[in-house]
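# Remarks on the overall topology
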Amino acid sequence: MPDKLIPRAYQEEIFNRAKEQNIIAALETGSGKTFIAVLLIRWLASRHTGDRKIFVFIVPRVPLVVQQQDFLREHLPLTVRGYYGAVVDLHDPVRWSKEFKECDVMVMTAQVFLDAMSHAHWSMSQVALLVFDEAHHAQKNNPYNQILQDFYLTCDPRLRPKVFGMTASPVWNHKNPYESLRVLERNMQAKIIGVQVNNEELAEHSPRPTEIVLEYPISDVYSHYPRSLWDRFEGFKFQGYQASAHENMALRYQVTRQELGPYSADFYLCSYVKTLVSDQARKAHYGSLMAQTNVEEDSMPDILTASEADVPSSPDSSSADIQTRLSQMEWILREFHDEVSFDHTAPIPNEWLSPKLRILVSTLLERRSSSFQGIIFVEQRQVAATLAWILPRIPELKGWITSGALVGHGTGRHLNAQGLAEKKQKEILKSFRSRACNLLVSTSVGEEGFDFQACDLIIRFNQLQNMVGYLQSRGRARRFDSTYIVMVAEGSSEGQRYERMRLDEPLIKQLYQQRHLCHAGAADDQNEIEDPRDIAARLRYAIHSTGAVLTFGSAISLLNNLCALIPRDKYTKVSALQPVYSGDFQSTVKLPSALPIPRDMLTYSGAYRSTKREAKAAAAFIACKSLHELGVFDDYLLPARKTSGDIVEDADGRLIPEVNSVPSMMDVLVHDPWSVWDDGRAVISEAISVFVYPMSFPFSTFAIVVGTFLGTLPLVPTGNGNILFAAPRAVSLPKANLRLLIEYTAFGIRWCNTSKTIKSLPTCLMAIIDSTGQLDIESMRSIVENPSSLDPANITQEDEGQLLLQSTLEPGRPLLLRCLRNDLNPLSRPPIGEQFDTFIQHWEHVYKRRNYPVHIPTEGALVMVETFARNFSSVYPLPSRPQADISMENPHRKSRFVPAGTCEICVLSQDTIQSFRTLPQVIRRITDVYRARKIIEELGLPALQEDLVVEALTLPCATAGFSNQRLETLGDSVLKLCVVVHLFNKYPFRHEGQLDGMRRNSVSNRGLLARAKDIGLERFLTSEPSSTRAWRPTAAEGKFVDGVWFVQRKFARRSLQDCMEALLGVSFLTGRIEMALQTGTALKLCFGGPEHWSTRYIPRDPSNVPSFFSPLENKLGYRFKTCTLLMEAFTHPSFTSDNACYQRLEFLGDALIDLVVLEYLYKKFPHATSGQLTWAKSRAVWAPALTIIAIKQLELHKYLLSSNVELEMAIKKTALQHIGFGYEHIVLEGWRYELPKAISDIMESLCGAMLIDSGYDYEGVRAIIERLMMPILEVLRPNLPRDPTSELLLALAQQGCQRAKFQRFASEDAKNNANDSIRFIIHDVEIGAICRPSVSLSRAKPLLAVQVKRELEDVNSKYCLRELCDCRETVSKDIPDEIAPETLDDEKEEDFAVLGLLELREVEGGPLKNADSGENKDWMGDEEEGDCGFESDSMY
């Protein structure tokens, strides 16, 4: 690749030094330091021939990742990729390994690389070069320094990578520059160098600007300014507001006034107060009480708005006091606006500006030009934002200056003084670089790293803090005519400080340029300096199994990550779930009590250290080491397992492989009992071994003949009774006799089952047997050789309703004789109503129209017939399932007359006909039971109920009258509980957030599919449709594999995970929890083994329960043995106590209640579909239903241990509200109410506590839960209406719309840009919106859904769906198997569409698409008239 840059002499000078040793290149901003790194990478890449190593380019800020990545890609023929926090996943070591292997150059923030090293995703010895951009940051506990101290220095010196640092100023403290240089060199293990030979060329390409000190007078007298807004609020009590927030506001106001004047300060205060008041008004449910103060919405920078933390969420005053206070604030703002306007058209008198700001304006005007570009550096964020707002509005600058504020990234929802959002920062940078904005007002964030064009003017509006800030900001003025201005107050020492830095700079440069001249090329270790005592005392904790390393530098962040995963409701303060450090130089860390670890292991103390930070790290290190030993951290030192990606593990640490390679429609081999004769050797052997299974009832003269020993055949239920089989008999059958049986069977199938040609040998044969059970060969030969009688004279009245006929007028169609009419002949007149004079005329009209060849006799009697309905359905009533009548009695058919002379009589007897008609059911039933027995035998399943296993293995596409969908729904709840109990006990010290991630992995569709493939579950599934018009079984369908007969089938891969859960449902119905554990273990699920919980888990030590809980125990009908369990069940995370909070027990109780409710519904509604069961269950286990049970049945809210007053008030309000509600109202309308989740949480945790306390007596606890929840359970029904949001999802899914979503937005009064409102968008059109609802936005969605659905269904509305939506023709109903509904977001179009399809699936009671395709569909073809022979003569 040709170079786009040619290295200059000074760059080559530095490059040559870098080849010899580790260096830190100290060069001016814009001098091309990054290109030197490019040269170094090229050189090293061209020389390296050993094991593959990567080049790592480390930057301090996220925007620099993209900037440096683009530059390196442009100048290197290598694979360059960028990484920063928002785009990397530290939980995926395999993906990291893949990235390291595929990438040559990795550009990343220091924290990302530090984390990757800490979690053993890569090692320092596999890095060829470490480039540190802005290397002066390698100080103290900065991630730069952590990388070097924890991983670089600990690496074998022979394997360490080369280090190249880049900086414009290696010195922070210009008063002691030698020490600054020494520390940086020690930390970086590199030498600081500058250009020594080619200084003239460097000066040519990095010119220094003209530097000016600009003094300004200090004055705080603004006699012409009206009474300030601050003075108007004097004496006003901001009751309920955070004291610290009020102090910060006052401090920022005074600084802004001092720097910019009263007008600017009041703009800041007005903006701040407006958002503060608006937020409190909204939280107090008054809507917006604020009047228009003429502060433009777009003109209010985020930096000026109040933080949510500043607004009291639970004011101490009464509602009346709040309203009064808000009204007073509103009045103050209105009065102020009468005198001072912030409208962009209002003139701003110079007298309202500070002297400093007026001088700044004059300075800008002196440099006015059409190409002007400048940067003003300020110290505080609100000053930057306010200055950027006011400058374009000053009359002298209006129309010329366009400014923007650059203040860094925010960290919270409301930015306050935390900085701009990343998106807005990018927009400002883009605007400045494109010159749409010509003046940037920046905090220190703009001093380093960003690639700005050279500017005309750089102004330091505030005093310089250090040498780095001076050199970095000055480096932005690198044009030959640029000016660098430092503004200082008259009579202050600021000018002297600047002058000292300006004079010290060349001396410092000379110091690091000259101090290593005599040591060029010397080895690094000759000049190494010993580490301080703290660094020497640092410990490392390595995990041998993975290579992960715990260091002092990573310990604090590890603890923070663990605690951040603890679930939190809005009543739990973030601080309550964070580690708390105490002590200065000997620190103690106390972990949040919500962690479920022994109480004596919540506190850890470290050794004495010389700095506070090091002391905290020492304590955190000890805590992390202990938590790993407890199992809280895994062996990668991560608190939670990954839930997606290439590598995912289940709860037992077993790999769950990626299943994308499994096609959505699978071609598989399935067990089948109907093999060909003698392993297919029938074509060469003289006699064939067969097995004869006589029917013992009701057709005792018939048998089926098969080539496989099938053991004892099951009872075959039909619509007309049950078919029983006697014991089989092995027979050696001559080949001619086998041929005869095949012809006989084909003959009977043609008359009784289907007219379609059998394409291959039938492998289940029907035979006649004599009274001794022997095959009646002669009777079958007589039928085959003389299949019909052509003499109608043989018909008698006794044959009416019995004989099968076939008329030459309707060839191939079997007819049932109704009666013989000797009084009629073909010339007779048809019955009244016919338009023909004779039957002959009628027949000629009918049959000529059908293109049938017609030869009609003119004499002879007529017979009345009706079409005989062949039975091609294999549907049979499964004893374990209630079934509609499927009687095979001939349905009513329209009778008609045909000439007796055109008829031939079928010689099959009535019993023979009925036996053939039942043959499809016989074949299907034997096939189903054969597969059920096979799966139990081959997978080692316990003795499950056979019919239930048949149901579990039958897919919906089989249209068998039953399928596995109901059992799958039940099994889903069984799976959830069994996995949760296992997790709860295997990881006793992991909190709910950690357990939930492992549960998801273990019950995911991906996990179920992977385990199903492991055990070969597809071999046993039944997917064949019930129609046998295309006859099966035949020899062409299958093949032998290792001596076992299999047939080829095609069905959806989703069927596997459904059958896994259905088998769990079967085991639970057959043998309750004990058999479910045995079955789950056989299926390789995370159940902890087959042993029952009661014997597997050691019961907790008993302890006395206080009488305080006696009323509760009486209502429960249960006496607790362990007090600590009961206490834990009622402890809210906000409450500090001697026991853990209820979250783990809630996690267990949630799964328990889920199964109890689902089992009740399954048994109560045997005809309900899977979707109906799921929806009814969801109405019983959702928070409103559990809340009303907790309050009305048990009064649980009285036992909750909480230290949050706001929560207690919300619970009290809810308790009073729910007393008057009926249970049915809650089931149907619960979505209308916003309830504190804590009440339903303790209902679940109490149930979980009972299960443990009872020794895992599921049956006993189930009875208690059922009794408690009976008021809710009694009002449930399969056809419950859905909530409005679900109804909307369903309606749009049914219409095929795929471009709809909810969307949050900020209302006009949301001055802090908070999303306080919700709207609905369909095809980019807004249908409806709810602004500032009194409930949460999630609760507002159903209210909006009602409005939207009404509009979409109104044919007269301009928002009618048929007018808006055009995607019905292209809709796909496929749902990815790996979709987890809880991860979907209805505020994204794609997720909204999938949620709708899931609702549709529930309504339809099964998968949206039949899983039959290919050969399966052939079986569903239309019945054809014609011969029913077989095309297999050549095989004999």
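See above for the structure.
Residues numbered from 1 in each chain as written. Predicted model: local features only at pLDDT ≥ 70, side-chain atom pairs only at ≥ 80, totals over all residues. Heavy atoms only, no water.

Counting its regular elements, the chain contains 45 helices and 38 strands. Residues counted as buried form 57% of the 1436 residues belonging to the chain. For the chain, the computed accessible surface area is about 58000 Å², with 49% contributed by carbon and sulfur atoms. (Helix = DSSP H or I, 4+ residues; strand = E, 2+ residues; numbered from the N terminus. Buried < 20%, exposed > 50% of the residue type's maximum accessible area, 1.4 Å probe, protein only. Areas by Shrake-Rupley, 256 points an atom, 1.4 Å probe, with all protein chains shown as cover.)

For the rest of this paragraph, the subject is the pattern of salt bridges. Scanning the entire structure with this criterion turns up 67 salt bridges. A salt bridge links Asp928 to Arg924, with the nearest nitrogen and oxygen atoms 3.5 Å apart. Linking Asp928 with Arg924, this pair stays in helix H25 (residues 919-939), spanning four residues, or about one helical turn. Side by side, Asp928 and Arg924 carry an identical accessibility label, which is buried. Close ionic contact of Glu1113 with Arg1119 constitutes a salt bridge, the shortest N to O distance being 3.1 Å. A relative accessible area of 6% places Glu1113 in the buried class. Each of Asp672, Arg931, Glu1024, Arg1032, Glu1037 and Arg1049 takes part in one network of salt bridges that share partners. (Salt bridge = Lys/Arg side-chain N within 4 Å of Asp/Glu carboxyl O.)

Here the focus is helix H34 (residues 1143-1164). Taking 1.5 Å per residue, 22 residues should reach 32 Å; H34 reaches 32 Å between its end C-alpha atoms and fits that length. For H34, the buried fraction is high: 19 of the 22 residues fall into the buried class. (Expected span 1.5 Å × (residues − 1).)

Quick look at the sheet that holds strand S16 (residues 580-582) now. Pairing between sheet strands relies on hydrogen bonds along the backbone, with the strands arranged either parallel or antiparallel. In spatial order, the strands read S16-S17-S18; together these three strands make up an open sheet with antiparallel pairing. Of all the strands in the sheet, just S16 and strand S18 (603-605) have a single pairing partner and so form its edges. The sheet shows a mean angle of 20 degrees between the axes of neighbouring strands, taken without regard to direction. Relative to S18, strand S17 (residues 588-590) runs antiparallel, the two sharing three bridges. Looking at the pairing, Lys590 lines up with Thr603 of S18. Lying on the sheet, helix H20 (residues 612-630) is in contact with S16, S17 and S18; it crosses S18 at an angle near 130 degrees. (Pairing = 2+ DSSP bridges. Axes fitted to C-alpha atoms, helices over the stretch in contact; angles between N-to-C directions. Contact = heavy atoms within 4.5 Å.)

The next thing to look at is the packing of helix H30 (residues 1054-1082) against helix H40 (residues 1258-1273). Two elements in contact, H30 and H40, have axes separated by 9 Å at closest approach and are oriented at 110 degrees. Between H30 and H40, the interaxial angle falls into the category roughly perpendicular. For the pair H30 and H40, contact is made by Phe1068, Arg1072 and Ile1073 and by Tyr1258, Glu1259 and Arg1262, respectively. (Parallel < 35°, antiparallel > 145°, perpendicular 65-115°, else oblique.)

Of all five residues in strand S4 (residues 105-109), five are buried, a share of seventy percent or more. Across the two faces of S4 the burial is the same, with Val105, Val107 and Thr109 and Met106 and Met108 all buried. With five bridges joining them, strand S2 (residues 54-59) and S4 adopt parallel strand pairing. Within the sheet, the bridge partner assigned to Val59 lies in S4 and is Thr109.

Mapped onto the elements, Asn462 comes out in the loop between strand S12 (457-460) and helix H16 (467-474). Given a relative accessible area of 8%, Asn462 falls into the buried group. Here Glu379 takes part through its backbone nitrogen, which lies 2.8 Å from a polar atom of the side chain of Asn462. (Polar contact = N/O pair within 3.5 Å; in protein donor to acceptor, adjacent residues only side chain to side chain.)

Once that is clear, we can look at helix H6 (residues 143-152). Burial within H6 is extensive, with 10 of its 10 residues counted as buried. Here H6 has its buried residues at Pro143, Tyr144, Asn145, Gln146, Ile147, Leu148, Gln149, Asp150, Phe151 and Tyr152. The opening residue of H6, the one whose side-chain oxygen lies 2.8 Å from the backbone nitrogen of Tyr144, is Asn142.

Using the criterion set out here, one finds 38 aromatic pairs in the structure. Considering the side-chain rings of Phe1109 and Phe1130, the 5.9 Å spacing of their centres and the 20 degrees angle between planes classify their relative orientation as stacked. With Phe1109 in the loop between helix H31 (1093-1096) and helix H32 (1110-1116) and Phe1130 in the loop between helix H33 (1123-1129) and H34, this residue pair connects regions lying 21 residues apart in the sequence. For the residue pair Phe1109 and Phe1130, the accessibility class agrees, reading buried in each case. Of the aromatic side chains, those joined through ring pairs into one cluster are Tyr225, Tyr263, Phe267, Phe336, Phe342, Trp352 and Trp389. Between Arg1179 and the ring centre of Trp1175, over which it is positioned, the NZ or CZ distance is 4.2 Å. Between Lys1192 and the ring centre of Tyr1223, over which it is positioned, the NZ or CZ distance is 4.8 Å. (Phe/Tyr/Trp six-rings, centres within 6.5 Å; stacked < 30°, edge-to-face > 60°. Lys NZ or Arg CZ within 6 Å of the ring centre and 35° of its normal.)

Another point: the packing of helix H27 (residues 965-986) against H34. The N-to-C vectors of H27 and H34 enclose an angle of 155 degrees; their axes lie 9 Å apart at closest approach. Considered as vectors, H27 and H34 are oriented roughly antiparallel to each other. Remark: the crossing between H27 and H34 carries left-handed chirality. Note on element contacts: H34 touches H27 through Arg1144, Leu1145, Phe1147, Leu1148, Asp1150, Ala1151, Leu1152, Asp1154, Leu1155, Leu1158, Glu1159 and Tyr1162, opposite Arg966, Leu967, Thr969, Leu970, Ser973, Val974, Lys976, Leu977, Val980, Val981 and Phe984. Its residues assigned to classes, the contact of H27 with H34 comprises 15 nonpolar, two polar and six charged. (Left-handed = near helix turned anticlockwise from the far one by under 90°. Nonpolar A, V, L, I, M, F, W, Y, C, P; charged D, E, K, R; others polar.)

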